[in-house]
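Listed below are the residues making up each chain.
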6 protein chains.
Amino acid sequence: MPRKTPKDRSADALRPVKITRRYTRSCPGSVLYQCGRTTVLCTASVDDSVPPWMNRNAERGWVTAEYNMLPGSTNPRKRRDRSGKVDGRTSEIQRLVGRSLRAVADLAALGPRTVTVDCDVLEADGGTRTASITGALIALVDALGTIPDLDAPPLVDTVAAVSVGIVDGQPVLDLDYEQDVAAAVDMNVVMTGEGRFVEVQGTGEEATFTDRQLSAMLKLARGGIAELVAIQREALGRDWPFQ
Amino acid sequence: MPRKTPKDRSADALRPVKITRRYTRSCPGSVLYQCGRTTVLCTASVDDSVPPWMNRNAERGWVTAEYNMLPGSTNPRKRRDRSGKVDGRTSEIQRLVGRSLRAVADLAALGPRTVTVDCDVLEADGGTRTASITGALIALVDALGTIPDLDAPPLVDTVAAVSVGIVDGQPVLDLDYEQDVAAAVDMNVVMTGEGRFVEVQGTGEEATFTDRQLSAMLKLARGGIAELVAIQREALGRDWPFQ
Amino acid sequence: MPRKTPKDRSADALRPVKITRRYTRSCPGSVLYQCGRTTVLCTASVDDSVPPWMNRNAERGWVTAEYNMLPGSTNPRKRRDRSGKVDGRTSEIQRLVGRSLRAVADLAALGPRTVTVDCDVLEADGGTRTASITGALIALVDALGTIPDLDAPPLVDTVAAVSVGIVDGQPVLDLDYEQDVAAAVDMNVVMTGEGRFVEVQGTGEEATFTDRQLSAMLKLARGGIAELVAIQREALGRDWPFQ
Amino acid sequence: MPRKTPKDRSADALRPVKITRRYTRSCPGSVLYQCGRTTVLCTASVDDSVPPWMNRNAERGWVTAEYNMLPGSTNPRKRRDRSGKVDGRTSEIQRLVGRSLRAVADLAALGPRTVTVDCDVLEADGGTRTASITGALIALVDALGTIPDLDAPPLVDTVAAVSVGIVDGQPVLDLDYEQDVAAAVDMNVVMTGEGRFVEVQGTGEEATFTDRQLSAMLKLARGGIAELVAIQREALGRDWPFQ
Amino acid sequence: MPRKTPKDRSADALRPVKITRRYTRSCPGSVLYQCGRTTVLCTASVDDSVPPWMNRNAERGWVTAEYNMLPGSTNPRKRRDRSGKVDGRTSEIQRLVGRSLRAVADLAALGPRTVTVDCDVLEADGGTRTASITGALIALVDALGTIPDLDAPPLVDTVAAVSVGIVDGQPVLDLDYEQDVAAAVDMNVVMTGEGRFVEVQGTGEEATFTDRQLSAMLKLARGGIAELVAIQREALGRDWPFQ
Amino acid sequence: MPRKTPKDRSADALRPVKITRRYTRSCPGSVLYQCGRTTVLCTASVDDSVPPWMNRNAERGWVTAEYNMLPGSTNPRKRRDRSGKVDGRTSEIQRLVGRSLRAVADLAALGPRTVTVDCDVLEADGGTRTASITGALIALVDALGTIPDLDAPPLVDTVAAVSVGIVDGQPVLDLDYEQDVAAAVDMNVVMTGEGRFVEVQGTGEEATFTDRQLSAMLKLARGGIAELVAIQREALGRDWPFQ
């Protein structure tokens, strides 16, 4: 269990993060990622084939992701996605996680394999999509490390993500559920270890925002992601594949 | 038919836009929006009820959107979404169009009604989601104008959208399909008439981008959207509900 | 826009027809077919393969059709067919359109290709299925004309369709929506340019009809179809592939 | 078991018909209808409510039908319709059976009830849709007879159906499977006991037909249906509700 | 029609069983199995391929089953399984029937073929799953007998099934619907001709049961199944493939 | 993490069990149940309504369960159940878990509420259905304890489950995945704290079993369940609601 979030967390502070590698032994990458009370199980599986839409003779591989909230991760209970329709929000999130991982993956070096990273939310307290990305990177590194043929994980950099928003007129980093509900603007930022943008998604439903607010949020996000990259590096220790 | 896109369009120029109001007479708002060869039929329908998930006693209304590409809008032909699953891209786009319209709608003043704006793409040549937003606003104004009880359309501002990207290392406005394929970064920006952001969505799949590139793209977008707002104003003429 | 339907249209007169070829440039056959206020976009796409159920080594091709009403084509708005179930009426119509086109197609001469004609109804005012057939033939001719290998479109004759019915006890040609609702009997007739029947479908829900009424309706239909064939011929001009 | 079809059946002869009323006791109308080797179990159930789309305060009732071929009714085995999609042919047939029954039903006299007639094909040897209609009428009469409140079955006439076609250039009545495959034109005719048309559906896929052929087929059908009505009358005996 | 169930059937007596082989001629095995008023049509079809999940080069075959209740088999009418979801009960039953048949099948001797046994319930009065198993065995023997290459049906023994339960505190054999509703415990037992268990499924929803009650039910079932095997043997006559 | 399973576990020994209550705080009952490497997260949610099929005026409540294996719980990865069809095995298991819990629940004392227990398998190493039942009981007790109105949890006894089988001809308790694959017979037994049967499900696919083997398996299961009940009692400590 991570430490309890202090009530006096400042607007530019991340919630406490706890990373448990090899949480289960049933698949090659298995990371329990906790950020405050938000808890995501990221498992990475390797398959020696590529999706049907890829050229079968291609030498390149594929990295993809699925995202799901368990019914008990929220109160009231969330119904399972068994209707044959993945809801729009779920679809958006899993596409985002997949693109973020591919932005740092060297698919040619991966060879004709598919790595699927499943992000199953055990407890949801805001920031589940950004937690999924930051945790998925660790699971991906672990799974890539089990492929015998590869000298090094085929990744060009790490990737991490954080949410920022405008709450009560002020920019705030790493919103929990309560803050997310109160936010007028919600932005998710995905960056590489070198500080380059992978995705910037800012939304002001029932509200709009100014250039100045956008700049302030991007600055907060940049600082938070630098911290998360340091936490990823510590969790991977000797398995950190980057300089 | 809009004029053909000149080959020498500069990097900060919009494609020619043509707006045909009252294109069909079967529903209260019906706008054929053409931007270069991209053609979207935006129809707005009014229903005197609200979605089941809203409080039935609520006094507020709802504005929503659906997006669809006709099979003949691309070559090769696009298969219809009849599998019971709306694909992820379609779902993302229609959620974006709906949020953009709601950002400028006064749902309390609308009263317990639902306006659905359908954006059916007749021909796709890049920028269909931003064309949908800019055209949907006109259809929405026209449909709201047919509701007898309302003194003025319950809108606080207009909204318009444009795409920008990095092509061959340079920021480019309003990408057509060929440019979109060549772009390393693709960004969609939605703004109000007053120049406030509604959405910023920048994606660098298989690429990343810097702070400086982000700023350059946002500047181009701001200029393009100001032009589109002027075009909307001209198209609505006396029906323009804003100052 | 077609001319407005005169109130005094006689019982054996067609509504005004307008045919716009090459309405969009995204696919090889693209026809906007208007008949009174009924407006159907017929687009024909060519694929160099045949459906999985055909013998893969076959030398013959296939012609098929899909039919769809856009949500804004009616008031109140028609919900999209996204439930995974094509409703019975839609399924019946698209099967009828496909059979009608195949009745005049020389599938052996077409070679191992599939032509799909999509009939998307932009505005519905009665007679959408017969308008789809008459318009689809034009789109089909245009699409076949773009296949390099073929000396002439592999068609043995043209095909056109019209509705007839019994309204207030009298046979009436080409029913609009209001007449369709009032009709005791509704019949759709599909014929070739030579005046041979392809389909005869007469239905008297909540009513029945006599031999004499059947004969009167068939006679009206024959006359209407002859007119429609002349209109098709004029629209295709030099591209008319028949004597 | 019906007698075996003689090889020398003339072109205007029906196959032998056998009707077993009260085949099962689980629902109020249960008829095993056999026509040659074609065998359909028609069961009619009564529900004291009307479909949701009907005005709930309406005094009228509803009659509807479902059609299904059992997997073992053909060889090779037919897959079950469990994909969530009723195939187009099935949908067409059950709509046709429902319309045919409603053409002779007095829905006002029925009162706010729904009668559903299920036509499950146990063995398919051509003409399953017309057998379904002719058998369904008997099951409907039996089910209506069990409703305590009704003085007489709320039916204005009987209804029966038969197929006709052009085989080897000649009109033929009541096609079996082998004849159906060989037929250039296939027509289904539904008529009342008084000889009025309810439905006429003639299809010449991969072929077309002349006015003269249409007349010949209609004449054959009229004779066959008159015979079928006599067979229905005999099967119902004292329960025959018409003059 | 089977004889009517006598009111005084003793607790250890089966209901009267009637087996009609070659009920339809459309597939190689076709058995109408009646047990009291419960009526199941069991049809067995042979396909010269194996399911996709089996090794395509395998020499072994597969035996599977599907189960379905016709809408008219119960009162009130049972809705068809057309939603794309097979309900849990149906799925459980068809898996049970398939496993039971495979327990006595020699899949290697069958060779690379699939036999599908469809159990369609025409009338349901309790015990439909056990009737399906006992009848399916006969249909399977008949279908296997039509495969030219096989010297003998590739079966190692027969299989039959019966239900038992605790009604009013007493163990009872072969429950009809009324008894089933009243039973505190419901058990289905599947055994081979030699008296070995294939399946034992005892359920005490809203109740529990003791070791002694379990033993009493198993003893009743053993006796009933011995009787059913004798009935199977008589029905198959000279086609009985076992000693 | 539970202790590693010793290689020399005897045939009548359970794998080590570890129960973590309040594993997440997002719902009232949340139990991580580990049995050897099999890990199931059981979360119980309370809803103040009853399912639509229950009489709305009823005073009774409902207890139900859902079961799901996470994609990463097995290697190779298990695909998600998002096709709109819950597979047969999943459906069987969640029905079994639900029935088992209801066998000890006092639905009248529960009042008009629904408790849903979700059993999400994080790692699968055999026995996931029986682990789900034993863990679900703890989550249910915890969730019932949070309902303010209830004096005591409305349960009449505890319930626990274990698997047994015949491996290499010998009866074995609590099969792990490797043993399960090797087993000729697989049986799941569900019992109350008092030692009464709730369910007995024994299956010998591709094998059969004798009376003597059945008795030996039932004896092993009885012993294992008594141990599990003691473990449940210890885990609940002062919250154990039974004598």
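Below you will find a few notes about this structure. (Residues numbered from 1 in each chain as written. Chains lettered and ligands numbered in written order. Predicted model: local features only at pLDDT ≥ 70, side-chain atom pairs only at ≥ 80, totals over all residues. Heavy atoms only, no water.)

To continue, consider the overall build of chain A. Regarding its fold elements, chain A presents five helices and nine strands. Across chain A, helices and strands are ordered from the amino to the carboxyl terminus as β-β-β-β-α-α-β-α-β-β-α-β-β-α. By principal-axis analysis of the C-alpha atoms, chain A measures approximately 55 × 45 × 35 Å. For chain A, with 243 residues in total, the buried portion stands at 61%. Accessible area of chain A: about 10000 Å², with a carbon and sulfur share of 46%. Positive and negative charge centroids in chain A, built from 30 and 32 side chains respectively, lie 3 Å apart. (Helix = DSSP H or I, 4+ residues; strand = E, 2+ residues; numbered from the N terminus. Buried < 20%, exposed > 50% of the residue type's maximum accessible area, 1.4 Å probe, protein only. Areas by Shrake-Rupley, 256 points an atom, 1.4 Å probe, with all protein chains shown as cover. Lys, Arg positive; Asp, Glu negative; His and termini not counted. Charge placed at Lys NZ, Arg CZ, Asp CG, Glu CD.)

All right, on to the packing of aromatic side chains then. Under the counting rule described, the total for this entry stands at 18 aromatic pairs over all chains. Centroid distance W53 of chain B to W62 of chain B: 4.7 Å. Interplanar angle 85 degrees. Geometry classified as edge-to-face. Given the relative accessible area of 14%, W62 of chain B is considered buried. Lying across the ring of F197 of chain A, R222 of chain A places its NZ or CZ 5.5 Å from the centre. (Phe/Tyr/Trp six-rings, centres within 6.5 Å; stacked < 30°, edge-to-face > 60°. Lys NZ or Arg CZ within 6 Å of the ring centre and 35° of its normal.)

This paragraph deals with the relation of the copies chain F and chain A. These two copies of the chain differ by a rotation about an axis and a displacement along the same axis. When chain F is brought onto chain A, the operation consists of a screw motion whose angular component is 180 degrees and whose axial shift is 0.0 Å, with 0.0 Å RMSD remaining. What the rotation and shift describe, once combined, is the action of a two-fold rotation axis. Interface residue correspondence from chain F to chain A reaches 100%, placing this contact among same-surface, isologous pairings. (Least-squares fit on C-alpha atoms with pLDDT ≥ 70 in both. Contact = heavy atoms within 4.5 Å.)

The subject of this paragraph is helix α5 (residues 211-236) of chain E. Helical geometry: 3.6 residues make up each α-helical turn, so side chains three or four residues apart lie on a common side. All names here are of chain E. Between its terminal C-alpha atoms α5 stretches 37 Å, which fits the 38 Å expected from 26 residues at 1.5 Å a residue. Residues of α5 that are buried include every one of L214, M217, L218, L220, A221, G224, I225, L228, V229, Q232 and L236, and no others. A positive backbone phi angle near 55 degrees is found at G237, which sits one or two residues after α5. (Expected span 1.5 Å × (residues − 1).)

Right, let's talk about the state of the cysteines for a bit. Within the structure shown, the criterion is met by zero disulfides over all chains. The thiol of C42 of chain A is not disulfide-bonded; the next cysteine sulfur, from C119 of chain A, is found 4.2 Å away. C35 of chain B takes part in no disulfide bond, and the closest cysteine sulfur, belonging to C42 of chain B, lies 12 Å away. (Disulfide = S-S within 2.5 Å.)

Turning our eyes to something else, we now look at the sheet that holds strand β5 (residues 114-123) of chain C. Residues and elements named next belong to chain C. Spatial ordering of the open sheet is given by β1-β2-β3-β5-β4, a layout of five strands whose pairing is mixed. Each edge of the sheet is formed by a strand with only one pairing partner; in this case those strands are β1 (17-21) and β4 (62-69). When the angles between neighbouring strand axes are averaged without regard to direction, this sheet yields 15 degrees. Two strands pair when backbone bridges link them, and strand β3 (residues 38-47) and β5 are joined in this way by nine bridges, in the antiparallel orientation. Residue pairing across strands places T39 opposite E123, the latter belonging to β5. Where helix α1 (residues 88-104) meets the sheet, it contacts β4 and β5, and its direction lies at approximately 145 degrees from that of β4. In the packing of helix α5 (residues 211-236) onto the sheet, contacts are made with β1 and β2 (29-35), and the angle to β1 comes to roughly 30 degrees. (Pairing = 2+ DSSP bridges. Axes fitted to C-alpha atoms, helices over the stretch in contact; angles between N-to-C directions.)

What follows deals with the interface of chain F and chain A. Tallying the contact residues gives 37 residues for chain F and 38 residues for chain A. Of the roughly 3100 Å² buried between chain F and chain A on both sides combined, carbon and sulfur atoms contribute 46%. Counting every contact that joins chain F to chain A gives 10 salt bridges. Notably, a salt bridge pairs R77 of chain F with E66 of chain A, separated by 3.1 Å at the nearest N-O pair. Remark: the boundary between chain F and chain A carries 19 residue pairs in polar contact (both at pLDDT 80 or more). Broken down by class, the residue content of the side of chain F that touches chain A amounts to 12 nonpolar, 14 polar and 11 charged. (Buried area = accessible area lost by both parts, 1.4 Å probe. Salt bridge = Lys/Arg side-chain N within 4 Å of Asp/Glu carboxyl O. Polar contact = N/O pair within 3.5 Å; in protein donor to acceptor, adjacent residues only side chain to side chain. Nonpolar A, V, L, I, M, F, W, Y, C, P; charged D, E, K, R; others polar.)

The analysis is restricted to geometry; functional conclusions fall outside its scope.
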